[in-house]
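Residues per chain, in single letters:
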Amino acid sequence: MTDAPVASQPSTARRITVAVLAMWGSRVVAIACSLALMPILFRRLPSAELGVWLLLSQSGTLVLLLDFGLTSTLIRRFAFLRGEASIEAAGRAAQDPTLAFGRLAATGRGLYRLIAIGVGVVSWIGGLIFLSTLELDPELLWRARCAWTIICAGQMVALSSGLWTAAISGLGYVAPVSLISIGFTSLTLLVQCALALAGGGLVSLAVASALGGVALRIAAIKYLARKEPALAAAAGRWNRAEAISLMAPSFKYFLTEIGALMLMRSDQYFIAGYLDPKTLPSYVAAYTLASNAAVISIAVGDAASIYVSQLWRTEARGSIRAIVMRSARVGMGLMALGAALLLFAGPAIMTVWLGEGYFVGAEVMTIFSIMLLIYVQQSLLFSFSRATENEIYAPWYIAAGLLNVALSFVLTPTLGLPGVALSTLLAQAATTGWHIPRSALRRLEIPARLYVGQVVLPIGALLVTACAAVWLVTEGPLAPAQAVGKLAAAVAVTSVLAVVAFWRLVLDDRLRAVALARIGLAPRTPPQPHDGAASGYALLRVPADRAHKK
């Protein structure tokens, strides 16, 4: 099939750019609010209660991931509908989008209700059993059980809301749904800050979390009704064939998520079971910093993958390749800069953020940095491969999760906190860390040599440069003595490197010329025809079958 530009191309490009920026902005705001909450909790809650809240809140987040992969599949299916609505597939008119949307939404609604009830009840019972195994005083145990009950009820509501956020995202409104989500997430975190300052404990924090999920559901429903009134009002009935079609790939993704949870989210349980629970806050704080850097880095893939789903049905492979390559450079570049900060400015960050004595140690932070560099690469390529409904990674993630659990049983008692982190790194490197990139590149029809030359080598050079620069301003002979000065110098030097990397690795010659012209350093030139495969987000193309037929 031949690729050709279409009139709607600039609008599509702008939507992708705005979606990526909104995703970044929303995650930065969420991270900022959560980072503001953390020191308040450290200062206001007793150490035992703090450890319990960190355990409960993270476990509650995990409950949201147990949607059997339905949210991911529905986003993709809604994106397919949006993509198919603009072309003729195999010489016949595309199906009526209103009828297809109604049937898909009705079936998804029924599946979400079943999942929310089942996951909520099982998680609630399992959490109560786990809490009873911890050595907590009776009063704290009672409050922990009440808080967990409230969290599970709120997460059941949030799970059943997945239909609406999936529809909004899949239809292409990625930026708005990100902003809506971050708005209510930030409000919830700010309320929790106020409650903690006022002396609130586990139960009040849990109530705020649950009410935030209810508010998000109401806002999502109202937004979809305003933007797509015909689709939101579309009548539909439960369709058994549609349900089977949805759950087949969803269950594969669910198994993938189970493996990912065992791989990346099981550390705190081994620390609570084998080590002193008082070490959990320092470990969680360090992992929060590292994982937040990964979350920001992966955001570009989360936003752009939806448009890859829309383009996949049009067979615009050149445009898809451009999106993937540029997203990989952006995401991996951000994580490389984040890793340099964690490795050499980690103690200063923790001192400024939480105070003296909370840095988990250079060994653990080094392991986190390497682990999350591998994780960001595999996650970016994984999301783009899955955008084509290529659900083949469950066995590898299950293997990685089981290997991590097995290694944790051995390394945690012997090596302590470094052993917990090292188990995850070794399990990932042995399984998903190498298989997912190789498989995803093959699916996306990107030569490995091209990926290495345009992504791996430039990002590797950026990582080495960033590490040297951050070390120089934090540990070198002219480094500031105070933690605040070290942190400010490290942020300044990585910001400069980020600008240089963006200029060299993200912008192409045409966009660099446009940027120079806009700041008056080069003459303005009229727009020139360009190759869509070379320019990434700015040059998306879709087939123009109708134009050829005419």
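Rules used in this analysis
Residues numbered from 1 in each chain as written. Predicted model: local features only at pLDDT ≥ 70, side-chain atom pairs only at ≥ 80, totals over all residues. Heavy atoms only, no water. Helix = DSSP H or I, 4+ residues; strand = E, 2+ residues; numbered from the N terminus. Buried < 20%, exposed > 50% of the residue type's maximum accessible area, 1.4 Å probe, protein only. Contact = heavy atoms within 4.5 Å. Areas by Shrake-Rupley, 256 points an atom, 1.4 Å probe, with all protein chains shown as cover. Salt bridge = Lys/Arg side-chain N within 4 Å of Asp/Glu carboxyl O. Phe/Tyr/Trp six-rings, centres within 6.5 Å; stacked < 30°, edge-to-face > 60°. Core = buried A, V, L, I, M, F, W, Y, C linked by side-chain atoms within 4.5 Å. pLDDT = per-residue confidence, 0-100. Polar contact = N/O pair within 3.5 Å; in protein donor to acceptor, adjacent residues only side chain to side chain. Bend = angle between axes of the 7 residues up to and from the residue. Axes fitted to C-alpha atoms, helices over the stretch in contact; angles between N-to-C directions. Parallel < 35°, antiparallel > 145°, perpendicular 65-115°, else oblique. Nonpolar A, V, L, I, M, F, W, Y, C, P; charged D, E, K, R; others polar. Patch = residues over 30% accessible without salt bridge, like charges linked within 9 Å, V, L, I, M, F, W, Y side chains within 5 Å. Left-handed = near helix turned anticlockwise from the far one by under 90°.

What to know about the overall build of the protein
Working step 1: From N to C terminus, the protein includes 21 helices and two strands.
Working step 2: Expressed as a percentage of its 550 residues, the buried residues of the protein come to 53%.
Working step 3: Put simply, of all contacts in the protein between residues at least 6 apart along the chain, 85% involve residues at least 24 apart.
Working step 4: Of the roughly 23700 Å² that the protein leaves accessible, carbon and sulfur atoms contribute 67%.

Brief notes about the pattern of salt bridges
Oppositely charged side chains can form a pair if their charged atoms are brought close together.
Working step 1: Taken as a whole and assessed by the stated rule, the structure comprises five salt bridges.
Working step 2: Among the ionic pairs, Glu242 bridges to Arg103, the shortest N-O distance being 2.8 Å. On the criterion of sequence distance, the pair formed by Glu242 in helix α10 (residues 240-264) and Arg103 in helix α4 (residues 97-133) is long-range, its members being 139 residues apart.
Working step 3: Judged by relative accessible area, Glu242 falls into the buried class, the value being 13%.

A short note on the packing of aromatic side chains
Working step 1: Within this structure, the stated rule accounts for eight aromatic pairs.
Working step 2: Ring geometry for Tyr287 and Phe368: centres 5.3 Å apart, planes at 70 degrees, overall edge-to-face. With Tyr287 in helix α12 (residues 280-312) and Phe368 in helix α14 (residues 362-386), this residue pair connects regions lying 81 residues apart in the sequence.
Working step 3: Three or more aromatic residues joined by ring pairs form one cluster here, namely Tyr283, Tyr287 and Phe368.

Digging into the nonpolar core
When a protein is soluble and globular, its nonpolar side chains tend to lie buried together.
Working step 1: Judged by nonpolar contacts, the single largest core of 149 residues is most densely connected at Leu41, Leu56, Leu74, Phe78, Tyr283, Phe368 and Tyr451.
Working step 2: Looking at this core, the element that brings in the most residues is α12, giving 19 residues.

Considering the confidence of the model for the protein
Working step 1: In this model, the protein carries a mean pLDDT of 80, and residues with pLDDT of at least 70 account for 85%.
Working step 2: Across residues 87-94, confidence stays below pLDDT 50; counting only partners more than four residues off in sequence or on other chains, it has ten contacts.
Working step 3: For the stretch residues 529-550, pLDDT sits under 50, and the model shows 67 contacts to residues farther than four places along the chain or on other chains.

Quick notes on the environment of Lys278
Working step 1: Counting through the fold element by element, Lys278 comes out in the loop between α11 (267-274) and α12.
Working step 2: You can call Lys278 exposed: its relative accessible area is 61%.
Working step 3: Counting along the chain gives 231 residues from Lys278 to Ser47, while the straight-line C-alpha distance between them is 6.6 Å.

Some words on the side chain of Thr256
Working step 1: Inspection of the secondary structure assignment puts Thr256 in helix α10.
Working step 2: On the accessibility criterion, Thr256 (1% relative accessible area) is buried.
Working step 3: Looking at Thr256, its side chain comes within polar contact range of the main-chain nitrogen of Ala394, at 3.3 Å.
Working step 4: Residue contacts for Thr256: discarding those within four places in its chain leaves Phe382, Tyr393, Ala394 and Tyr397.

Brief notes about the environment of Leu224
Working step 1: Within the element layout of this structure, Leu224 appears in helix α8 (residues 202-227).
Working step 2: Remark: the alpha-carbon pair of Leu224 and Ile168, spanning 56 residues in sequence, is separated by 6.4 Å.

A closer look at α12
In an α-helix there are 3.6 residues to a turn, and that puts residues three or four apart on one side.
Working step 1: Roughly 35 degrees is the biggest bend found in α12, and it falls at Ile298.
Working step 2: The element α12 is extensively covered by neighbouring structure, given that 30 of its 33 residues are classed as buried.

Quick word on the packing of helix α13 (residues 317-353) against α14
Working step 1: At a minimum axis distance of 10 Å, the contact between α13 and α14 shows a crossing angle of 170 degrees. Viewed along their axes, α13 and α14 adopt a mutual orientation that is roughly antiparallel. Two secondary-structure elements touch here, α13 through Ile323, Val324, Ser327, Ala328, Gly331, Met332, Met335, Ala336, Ala339, Leu342 and Leu343 and α14 through Met365, Thr366, Ser369, Leu372, Leu373, Val376, Gln377, Leu380, Leu381 and Phe384.
Working step 2: Considering only residue class, the contact of α13 with α14 consists of 16 nonpolar, five polar and no charged.

Quick notes on the environment of Thr388
Working step 1: By the element assignment, Thr388 lies in the loop between α14 and α15 (394-415).
Working step 2: Note on Thr388: relative accessible area 4%, which makes it buried.
Working step 3: In this structure, the C-alpha to C-alpha distance between Thr388 and Ile306, residues 82 residues apart in sequence, is 9.6 Å.
Working step 4: Among residues more than four places away in sequence, those in contact with Thr388 are Arg76, Trp312, Arg443 and Leu444.
Working step 5: One polar contact links Thr388 to Arg443, side chain to side chain, over a distance of 2.9 Å.

Digging into a nonpolar patch on the surface
Working step 1: Together, Ile117, Val121, Trp124, Ile125 and Ile129 make up a nonpolar patch on the protein surface, roughly 450 Å² of accessible area in all.
Working step 2: Structurally, the position occupied by Val121 is in helix α4.

Things to note about the side chain of Ser327
Working step 1: Here Ser327 is to be found in helix α13.
Working step 2: Residue classification places Ser327 among the buried residues on the basis of a relative accessible area of 0%.
Working step 3: A distance of 2.7 Å separates a polar atom in the side chain of Ser327 from the backbone oxygen of Ile323.

Let's talk about the packing of helix α6 (residues 162-170) against α8
Working step 1: Following both chains from N to C, one finds α6 and α8 inclined at 40 degrees, their axes separated by 9 Å at the closest point. One finds that α6 runs oblique with respect to α8. Both α6 and α8 take part in a crossing whose hand is left-handed. Contact with α6, carried on its side by Trp164, Thr165, Ala167 and Ile168, involves Arg217, Ala220, Ile221, Tyr223 and Leu224 of α8 and no other residues of that element.

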